[in-house]
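# Structural overview
Read off the chains here:
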Amino acid sequence: MAQQQAPAEERVVASFPDPPASLYKLYTDENVRSGAAPKPPPPAKGKYYMFGCPFDTEDAMIRPVEEQGLERLYPDNYDRKAELKKLNRSILICFLELLDILINNPASPAREQKIKDLSVLFINMHHLINEFRPHQARETLCVIMERQRKQREDMIIQVQRYYTITTASNTLKVVAFPGSSVLKICKG
């Protein structure tokens, strides 16, 4: 009977090598404060390769579906919401038709065509959703900024309230609880 050998000891290997110490040691707090740290390289311009794929900085962020060699299923001027609903219904109908084909005749060549149709529908829907990304980013920034504005206004009101209380009576003092951002006004 053959003896089982213990598995070789597994080693953890990083995907990328560590950065050279001669570079990252230049970015100490003192060097950054004094401006002695090297400036970062400028952003890439023109054509470049990332993960083996060619990219160009002049390309549009969201490329048209036609550039990807696919059929566009919605008109040039359209209501995104209505088109997304239409595509969603088309996906559901196409999926039900595919199920019907699979139930009746799984080896049918129509099966491959339905799968291709579903693929085109999903890609068009995904493209429409991606066109919402810039709008979503703007709205997210607006919400974040509004929240920050509200927090600042609340903080100003709180500071003004504490100021009026402390100036009204010199016998009051503000006590901060350790480990907390809660302040309490106590009579002194």
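The coordinates are above.
Residues numbered from 1 in each chain as written. Predicted model: local features only at pLDDT ≥ 70, side-chain atom pairs only at ≥ 80, totals over all residues. Heavy atoms only, no water.

## Points about the environment of F55
Using the following cut-off: Helix and strand labels come from DSSP, where a helix needs a run of H or I of at least four residues and a strand needs a run of E of at least two; each type is numbered from the N terminus. Residue contacts are defined here by distance: any two heavy atoms, one from each residue, within 4.5 Å place the two residues in contact.
Locating F55 in the fold gives a position in strand β2 (residues 53–56). What F55 contacts, discounting residues up to four positions off in sequence, is G46, K47, Y48 and M50.

## Things to note about the layout of surface pockets
Test applied: With a 1 Å grid spanning the protein atoms alone, the term cavity applies to any set of points in which a 1.4 Å probe fits but cannot get out, the term pocket to an open set with protein on both sides within 12 Å along at least five of seven lines, and the term lining residue to any residue with an atom within 4 Å of a point. Grid points are joined across faces, edges and corners, and a volume is the space filled by probe spheres set on the points. Amino acids are sorted into nonpolar (Ala, Val, Leu, Ile, Met, Phe, Trp, Tyr, Cys and Pro), charged (Asp, Glu, Lys and Arg) and polar (every other residue, Gly among them).
Roughly 230 Å³ of volume is contained in the largest pocket. Forming the boundary of the largest pocket are Y48, P54, F55, D56, T57, D59, A60, M61 and R63. Per-element tally for the lining of the largest pocket: the top contributor is β2, with 3 residues. Here the residues of the lining of the largest pocket sort into 5 nonpolar, 1 polar and 3 charged.

## As for the environment of L84
Operational definition: For every residue, the accessible area obtained with a 1.4 Å probe (protein chains only) is divided by the maximum for its type, and the residue is called buried under 20%, exposed over 50%, and partly exposed between those limits.
Mapped onto the elements of the fold, L84 is located in helix α3 (residues 80–104). According to the relative accessible area criterion, L84 is buried, its value standing at 17%. As a C-alpha pair, L84 and L128 span 44 residues in sequence and 7.2 Å in three-dimensional space. Non-local contacts of L84, meaning those with residues more than four positions away in its chain, are made with M125, L128, I129 and F132.

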